[in-house]
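# Structure at a glance
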Amino acid sequence: MNKLLIRGGVRLAGEVSISGAKNAALPIMCAALLSTAPLRLANVPHLRDVTTLLSLLGGMGVAVSLDAKLGLELDAGKLHTPVAPYELVRTMRASILVLGPLLARCGEARVSLPGGCAIGQRPVDLHIKGLQAMGADIHVEHGYIIARAKRLKGARIFTDLVTVTGTENLMMAACLAEGTSVIENAAREPEVVDLANCLKAMGAKIEGAGSDTITIEGVSALSGAAHRIMPDRIETGTFLVAAAATGGSVRLRNTSSGILEAVLDKLREAGARITVESDSIALEMDGTPQSVSLRTAPYPAFPTDMQAQFMALDCIARGTAVLTETIFENRFMHALELQRLGANIEISGNTAVVKGAAKLDGASVMATDLRASASLVIAGLVATGETVVERIYHLDRGYECIEEKLSQLGARIKRIG
Ligand code: UD1
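Anyway, here's the lowdown on the structure attached to this text. Predicted, not measured: the structure shown is a model, and the values here were computed from it.

### A closer look at the overall build of the protein
The secondary structure content of the protein amounts to 14 helices and 24 strands. For 417 residues, the compact-globule estimate of 2.2 N^0.38 gives 22 Å, and the protein sits close to it at 21 Å. In terms of its C-alpha atoms, the protein occupies a principal-axis envelope of roughly 65 × 50 × 40 Å. In the protein, buried positions account for 56% of the 417 residues. Summed over all atoms, the accessible surface of the protein reaches about 15,800 Å², with 49% contributed by carbon and sulfur.

### Things to note about the site of the ligand
Neighbouring the ligand are 19 residues, the closest being D125, L126, T165, D305 and I327. The contact in question runs from an oxygen atom of the ligand to an N or O atom on the side chain of N23, over 3.0 Å. At a separation of 2.6 Å, a nitrogen atom of the ligand approaches a polar side-chain atom of D125. Its free accessible area being 740 Å², the ligand has 89% of it covered by the protein chains. Counting residues per element, the shell around the ligand draws most heavily on helix α5 (residues 125-133), which supplies 3 residues. Counted by class, the shell around the ligand contains 9 nonpolar, 5 polar and 5 charged residues.

### With respect to the side chain of T387
Summarising the element assignment, T387 is placed in strand β23 (residues 386-390). When neighbours within four sequence positions are excluded, T387 is seen to be in contact with L4, L5, I6, L341, G362, A363, V365 and G380.

### Details of the packing of α5 against helix α6 (residues 164-175)
Interaxial distance between α5 and α6 falls to 9 Å at its minimum, and their mutual angle equals 25 degrees. Classified by the interaxial angle, the pair formed by α5 and α6 is roughly parallel. Note on packing geometry: the crossing formed by α5 with α6 is right-handed. Contact with α5, carried on its side by L126, H127, G130 and L131, involves T165, G166, N169, L170 and A173 of α6 and no other residues of that element. Its residues assigned to classes, the contact of α5 with α6 shows 4 nonpolar, 5 polar and no charged.

### Let's talk about the sheet that holds strand β19 (residues 320-324)
Pairing within the open sheet is mixed, and its 4 strands lie in the order β18-β19-β21-β20. Only two strands of the sheet have a single partner each, and these edge strands are β18 (294-295) and β20 (344-348).

What counts and what doesn't
- Residues numbered from 1 in each chain as written.
- Predicted model: local features only at pLDDT ≥ 70, side-chain atom pairs only at ≥ 80, totals over all residues.
- Heavy atoms only, no water.
- Helix = DSSP H or I, 4+ residues; strand = E, 2+ residues; numbered from the N terminus.
- Rg over C-alpha atoms; globule rule 2.2 N^0.38 Å.
- Buried < 20%, exposed > 50% of the residue type's maximum accessible area, 1.4 Å probe, protein only.
- Areas by Shrake-Rupley, 256 points an atom, 1.4 Å probe, with all protein chains shown as cover.
- Near = heavy atom within 4 Å.
- Polar contact = N/O pair within 3.5 Å; in protein donor to acceptor, adjacent residues only side chain to side chain.
- Nonpolar A, V, L, I, M, F, W, Y, C, P; charged D, E, K, R; others polar.
- Contact = heavy atoms within 4.5 Å.
- Axes fitted to C-alpha atoms, helices over the stretch in contact; angles between N-to-C directions.
- Parallel < 35°, antiparallel > 145°, perpendicular 65-115°, else oblique.
- Left-handed = near helix turned anticlockwise from the far one by under 90°.
- Pairing = 2+ DSSP bridges.

See below:
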């Protein structure tokens, strides 16, 4: 099983390019299911989750092709099997995103209950309730969600919690429903907006994406379109934190500052100097960072997907930080591994108190989920001596060429068998 070997203590410096956003690419690829005409996508990241979704879509009859510029074309004209099997869904929770489009296009869907990161219960009840409100008949049988609807009907849906993929699933389903749907308490994440922009290019009538009320007027069919996936704000944030933790100086290209204000604010609080241009962000950090406290919450507040990386930074910062996780109930698993490197962290319920230590010492650590893996890599970059991060298949789900990009910034990091 692949591991990463990191020799810490190098200040990151230089430039790298940020990839397309995983969390935008996955729902947008599922949007191809809504049309009989091809959807052409640019800036799709090369990630394990993307490959998993391509296998899933391929099994349903979606034709997949890559053009010379590595653009992806998805043609669901000959869609024949509206089924998402357990073997693929269990490795990636986002597979649930096929449910809404399949039901809207085919009138039926059979989707395994999802797995994905082990960061809490992560039910899909709100996806199901929303589709039921649109007239779907849904039950769970032998671990599969079985959904049927002749044609979905527009409805007013209020989700009890803000759910990102829930909002996306319902928005996609509503595009082909009869009449108008309103999603209240909708997720405002930039990836929801990117999906809405792609759907609009396909002919959908959507208003309010990016606010907490999204209105969708159903149409009878969607066309093909071309769309460029937005930059990955979590990859951007991860590289910025890595640079700040190592006292480095980096410039990230092909990204945007407007999609990660809460993260940039926290980096400034840590003492980093940040310069933004239209499609790049530069960060400079002199000396040891100040510790930063944070509380995760839905966009535009601080993202849960950046909590683990900031915990790594706080481990070597000056002062004490309090990190509160409000989205997922089991998202501090990286803390135990960081402690193996000498970090001083106390967990009580959904709060972690991190006392900055003068240094971390390299050791073997185990990645437990996607963003936890990123925090262990950051810790390895600042630790003295060698750190081995095991189970990096989690990292490959969401970071494109992470070791190549970090090496480009001067890190001593390599993949070992
Ligand atoms: C998405 C992101 C993930 C990010 C998360 C929160 C994708 C592919 N993944 O995950 O990277 O960490 O948003 O920003 O975009 N919930 C329910 N019932 C539901 C749905 C959700 O109780 O039907 C709860 C979840 O358990 C969680 C909270 O709502 O506590 C938010 O989850 P949600 O926004 O749905 O996360 P995902 O969309 O799975």
